[in-house]
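# A closer look at the structure
The lines below spell out each chain.
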Amino acid sequence: MIILETGFKLHNEAFLESRLKNGVNILFSDDNNKGKTLVIQGLLYSLGNEPIFPAGFDYKLATFYTKCDFDGNIWSFLRSNKTILVHGPDGINTFDSISEYKRFYSKNISPLPEITKDGVVKIVDPELFFQIFYLPQDKRNTSNILGSGYYKKLDFIEMICSMTNSKPISNEVDVADLKQQLATLKAEKSTLIKRLTFAKKHPKIAQLTQKSVDRDAAEETRKAIGAIHGRISDYQKMRNREEIRISKLQKLIGELNSLNRDLTLGKVNCADCGSNRVVYKTEDFTYDVSSNTVRSQIIESINSQIQLKLEIVEEITRDINKEQAALNKIRDATPPQIHEILLFKEEIATSSEIDEKITEINTQIDSVQDLLATAISSIEVQTQEKSSIQEEISMLMKHFYQQIDQNGIQVFDSLFTKKDETYSGSGGQEFYFSKLLAMNSALKHKYPIVIDSFRDGEISSNKELAMIGCYKQTNKQVILTSTLKSEEYSAQKYDGIQDVNPINYSLHRDNHILQSEQLSAFSKICEIFGVSTEHERV
Amino acid sequence: MNYKFKYTERNVARGSEFETRALLHLITLSKKHKEIKYIFIDCFNDVTGTQENCRTLFDIQSKGVANLTPRKIGTSLITLYENSLTDFNFSEYSLFFPQVDEKYVADSTLRVFGFENFGIRIDEIFEGLITEYLRRNAGVARTDQLEKSIREFIETVVFVCDHADNAEYIKALASFKDKELKRTEFYQSVFDEIRQIQMVKKRINIESKEIAAIHDALAFEKHLKTKDINALVINRLIGVDVFRKKSIPPAFLDQVRALDQEAVKDLILDCTAKLSKALFDKNSKQSFWDFLEAAISEVDKSPMETAERIYSNIESTKGNRCRYMQGVSGIFLIALIKEGVEN
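My aim in this report is to walk through the structure given alongside it, one point at a time.

Parameters at a glance
Residues numbered from 1 in each chain as written. Chains lettered and ligands numbered in written order. Predicted model: local features only at pLDDT ≥ 70, side-chain atom pairs only at ≥ 80, totals over all residues. Heavy atoms only, no water. Pairing = 2+ DSSP bridges. Helix = DSSP H or I, 4+ residues; strand = E, 2+ residues; numbered from the N terminus. Axes fitted to C-alpha atoms, helices over the stretch in contact; angles between N-to-C directions. Contact = heavy atoms within 4.5 Å. Salt bridge = Lys/Arg side-chain N within 4 Å of Asp/Glu carboxyl O. Polar contact = N/O pair within 3.5 Å; in protein donor to acceptor, adjacent residues only side chain to side chain. Parallel < 35°, antiparallel > 145°, perpendicular 65-115°, else oblique. Core = buried A, V, L, I, M, F, W, Y, C linked by side-chain atoms within 4.5 Å. Buried < 20%, exposed > 50% of the residue type's maximum accessible area, 1.4 Å probe, protein only. Expected span 1.5 Å × (residues − 1). Phe/Tyr/Trp six-rings, centres within 6.5 Å; stacked < 30°, edge-to-face > 60°. Lys NZ or Arg CZ within 6 Å of the ring centre and 35° of its normal.

### Some thoughts on the sheet that holds strand E5 (residues 73-80) of chain A
Residue and element names in this part refer to chain A.
- Strands sit in the order E2-E1-E4-E5-E6-E7 across an open sheet of six strands; the sheet is antiparallel. The open sheet has two edge strands, strand E2 (13-17) and strand E7 (91-95), and neither has a second partner. Adjacent strand axes in the sheet meet at a mean angle of 15 degrees when their direction is disregarded.
- Against the sheet, helix H1 (residues 36-46) contacts strand E1 (2-10), E2, strand E4 (63-70), E5 and strand E6 (83-88), and its axis sits at roughly 70 degrees relative to E4.
- In the packing of helix H14 (residues 519-528) onto the sheet, the strands contacted are E1, E2, E4, E5, E6 and E7, and the crossing angle to E2 comes to about 80 degrees.

What follows is the structure, given as structure tokens:
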């Protein structure tokens, strides 16, 4: 994929960057606040990234645009807040959510990897995916992935495994879950054991010490009984309604049968021949109001409805009986005077009952332990697979690190550093440099490498040149940004490097990259997407 | 010149099923079936259709005889031919007959075809017809002019093969959803009803009566109206489903929106009970048919109107005398029609 053009528009001004080429591009300026970061972030945002714009920039009102070449197919993207328009070889598609968009992207533009997250296989969001080739200027953290917090380090690793055709890896949720279950069961068991000994020693005290919670319990019983009464009366209402319907239908059958008799008031006989078959010749002549087939069908259907309703009534009666049984159970269990105490039947249960419970819990503990063992062993297998691709990347990271610092002392054993490890000075930048290039080599992805502020942390000039050399060797599009010191700027630092496309941002006004002159060019682009820009909110 | 009715078959009950199929063909499958509003039974011919304004006649001779030879086919064309000689405006002549032996026709898969399909056998048809004509008109000489007239006539005849499936003819009749889902007996019973009514019409004797214009024939009451037949089928389709349907017709939703679930069930039960009473009450059939026909024609005329509006339109224009179809139950029936009618 090669980025051909990118830009954005806010209110009545716009900026369009069309100087990008295949190969190494360096966007530079002699000072900060010239808009390099906005351009890079806008580029990624238009492709579906999460917004990470600097404060003060109202990206929700802006429109972002990028045009790319995917293996010879030109795809353009226009994004305004949540809406992304995609213009490709087959026309324009509109998406109102990233979920929709990423599905289309993965299917039609370039496949996105899938991972299992929270037990569901899903296509990764651009937010996570773009991190294989993009490094923003801010909020860098070598010990974690960048972004919202929805995705975790493990997801990133799983994504990389998925891209290199390793088996999909289940998260460790199962294990955590099982461990939790086990802990609960064990705790339950120990309480039961305590109670067992307590009940054995002090059966009377066990009853009497519960007095303090008696009142609450009594209240609960009352509520439970009330709820059952409520349900019974609902069921009874339902039953009444159905019974009324049944009697209506039964009455209807009788009525229908009587309706279908002709009112015969005497007989008409032909005066000439005595026949009672007199053919009427009137406009009134019409078909019968229904046929035998229809009538018998109606009666049949009514009968089957009655049958159905009788069954419903029976079912409701069963439900009522169940509720009544529950009610009786509560009543039986609570003789008037001591019902508070009896509510705690469980507490003063006989030791044999507690024994039974303990046995039951023991069985459960066994089965959970079995499950846990299986889960852990399967995760170990997966971890080995994980480490093989991780190892490859680590090795490559070492290789690239040596390209810029032969005597470097950094050790890379993982895609992320440990939490307590902090890099001083240029260390972090070197880590990211190595990591992005290593992932590029290991994953062989088709995306450009995009690094906002690639000299972050006072990288020395020698290292910088070595890095640029490495970037050139990738033979792909690389987009870097850099703020030059005034002496570097006046020395026209990048102009002298072969095969580098320097793009100067110094001439932009401070904090104001947008220009009204570029508006018409941007509006033309919008028109391609069928978007009118005339009635823009200002 | 007046038209004098001869050769009517009022006493022939045999083949009546075949004639019913000829009738159903005329109003469902013939080229101009949408125009046909009245069908004369055994007047001009076995079955003859005409428009609302009685402008022209669509004439069908039905010949339900097995093993027809081309010569017999020619003989069967006699009434059609004689009709063509009258001053009455016949715009189409059809012979409705069972599938003929494939040796007589070039393409035996065709259901409807012209004289060309008989190839050289057309000469036998010609002979059959001219012989029958001369037999009936003693003293008429076989002239070149007569031969030419008969040949030209045969070239205009539409030959229609019967496919003998009563249910299919009924299904073609009503554009009503779900009609495929009924049992064959149901369609047969509707078919039989139409046949009965056709036979009643057939029994009315008009032998030797004369008329001066097509619409004069309406006075004999020997015709059926297509809208009545259509209403009959819709009535039966709705009737057979009363109390069987589980869903609420969409056009009725406005009536139940404000009600809770149980009240909806009760309302639907009341409406279906009233509808079934209307379908059982022999003594108020006229008022029910009037309402049903009004409802069908209003739904047809303004498909976008709500059931409630259609109901009040009927009440204010045509009136509603059916005691079972007052108010919400009438709206319910309209909603059922709206649901069933295919747009």
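From this point, the discussion proceeds with the structure in view.
### A look at the interface of chain A and chain B
- If you look at the interface, chain A gives 35 residues, while chain B gives 43 residues.
- Joining chain A to chain B, the criterion identifies five salt bridges.
- Residue Glu262 of chain B is joined to Arg245 of chain A by a salt bridge in which the shortest nitrogen-to-oxygen separation is 3.0 Å.
- At the boundary of chain A and chain B, one finds five residue pairs in polar contact (both at pLDDT 80 or more).

### A few points about the packing of helix H8 (residues 226-241) of chain B against helix H11 (residues 285-301) of chain B
All names here are of chain B.
- At a minimum axis distance of 10 Å, the contact between H8 and H11 shows a crossing angle of 100 degrees. Taken together, the axis directions place H8 and H11 in an arrangement best described as roughly perpendicular. Contacts between H8 and H11 involve Lys227, Asp228, Asn230, Ala231, Leu232, Ile234, Asn235 and Arg236 from the first element and Phe288, Trp289, Leu292, Glu293 and Ile296 from the second.

### Details of the nonpolar core
- Phe77, Phe156 and Tyr471 of chain A are the most contacted members of the largest nonpolar core, which has 92 residues in total.
- Ranked by the residues each element gives to this core, the list is headed by helix H11 (residues 427-443) of chain A, at nine residues.
- Setting aside its immediate chain neighbours within four residues, Phe156 of chain A contacts Leu128, Gln131, Ile132, Ile145, Leu415, Phe416 and Met439 of chain A.
- The next biggest cluster of nonpolar side chains, apart from the first, holds 83 residues, and it includes Val289 of chain A together with Ile39, Ala278 and Ala335 of chain B.

### As for the environment of Ile36 of chain B
All names here are of chain B.
- Among the secondary structure elements, Ile36 is positioned in strand E2 (residues 36-41).
- Residue classification places Ile36 among the buried residues on the basis of a relative accessible area of 1%.
- Sequence-wise, Ile36 and Asn53 are 17 residues apart; in three dimensions their C-alpha atoms are separated by 9.9 Å.
- Those residues in contact with Ile36 that sit more than four places away from it in its chain are Leu26, Ile27, Ser30, Gly49, Thr50, Phe58 and Thr226.

### Points about the environment of Arg136 of chain B
- Take Arg136 of chain B: it is sitting in helix H4 (residues 122-136).
- With 58 residues separating them in the primary sequence, Arg136 of chain B and Ile78 of chain B have C-alpha atoms 9.3 Å apart.

### Considerations on H8 of chain B
Residues and elements named next belong to chain B.
- Taking 1.5 Å of rise per residue, 16 residues should cover 22 Å, and H8 covers 23 Å from first to last C-alpha, within 8% of that figure.
- Counted residue by residue, H8 has 14 buried out of 16 residues, so it is predominantly covered.
- Within two residues after H8, Phe243 carries a phi angle of roughly 75 degrees, on the positive side.

### Here's the deal with the sheet that holds strand E12 (residues 478-483) of chain A
Residue and element names in this part refer to chain A.
- Sheet architecture is open: five strands sit in the order E10-E11-E12-E3-E13, paired in parallel fashion. The strands lining the two open edges of the sheet, one partner per strand, are strand E10 (134-135) and strand E13 (500-504).
- Sheet topology note: the E10/strand E11 (residues 449-451) ladder contains two bridges and is parallel. Following the sheet pairing, Leu135 is matched in E11 by Ile451.

### Considerations on the packing of aromatic side chains
Residue and element names in this part refer to chain B.
- Applying the stated rule across the entire model yields 45 aromatic pairs over all chains.
- Ring centres of Phe18 and Phe96 lie 5.2 Å apart, and the angle between their planes is 50 degrees; on these two criteria the pair is classed as tilted. With Phe18 in helix H1 (residues 16-28) and Phe96 in strand E5 (residues 90-97), the pair connects residues that are 78 residues apart, well separated along the chain. Phe96 shares its class with Phe18; the two are buried.
- Measuring from centroid to centroid gives 5.0 Å for Phe252 and Phe332, while their planes differ by 80 degrees, and the two rings are edge-to-face. Of this pair, Phe252 sits in the loop between H8 and helix H9 (253-256) while Phe332 sits in helix H13 (residues 328-340), and the two are 80 residues apart along the sequence.
- The exposure class of Phe332 is buried, given its relative accessible area of 4%.
- One aromatic cluster is present, built from ring pairs that chain together Tyr3, Phe40, Phe44, Tyr81, Phe88, Phe90, Tyr93, Tyr133 and Phe153.
- Residue placement shows Lys171 over the ring face of Tyr187; its charged tip is 5.1 Å from the ring centre.

### Observations regarding the pairing of E6 of chain A
All names here are of chain A.
- As defined by bridge partners, E5 adjoins E6 across five bridges and the pair is classed as antiparallel. When the sheet's bridge partners are listed, Ser76 is paired in E6 with His87.
- Counting the residues that bridge the hairpin from E5 to E6 gives two residues, and of these Asn81 lies at a positive phi of roughly 55 degrees.
- Summarising the sheet, E6 and E7 pair through five bridges and their orientation is antiparallel. In the sheet register, Leu85 faces E7, and the bridge partner there is Thr94.
- Hairpin connection of E6 to E7: two residues between the antiparallel strands.

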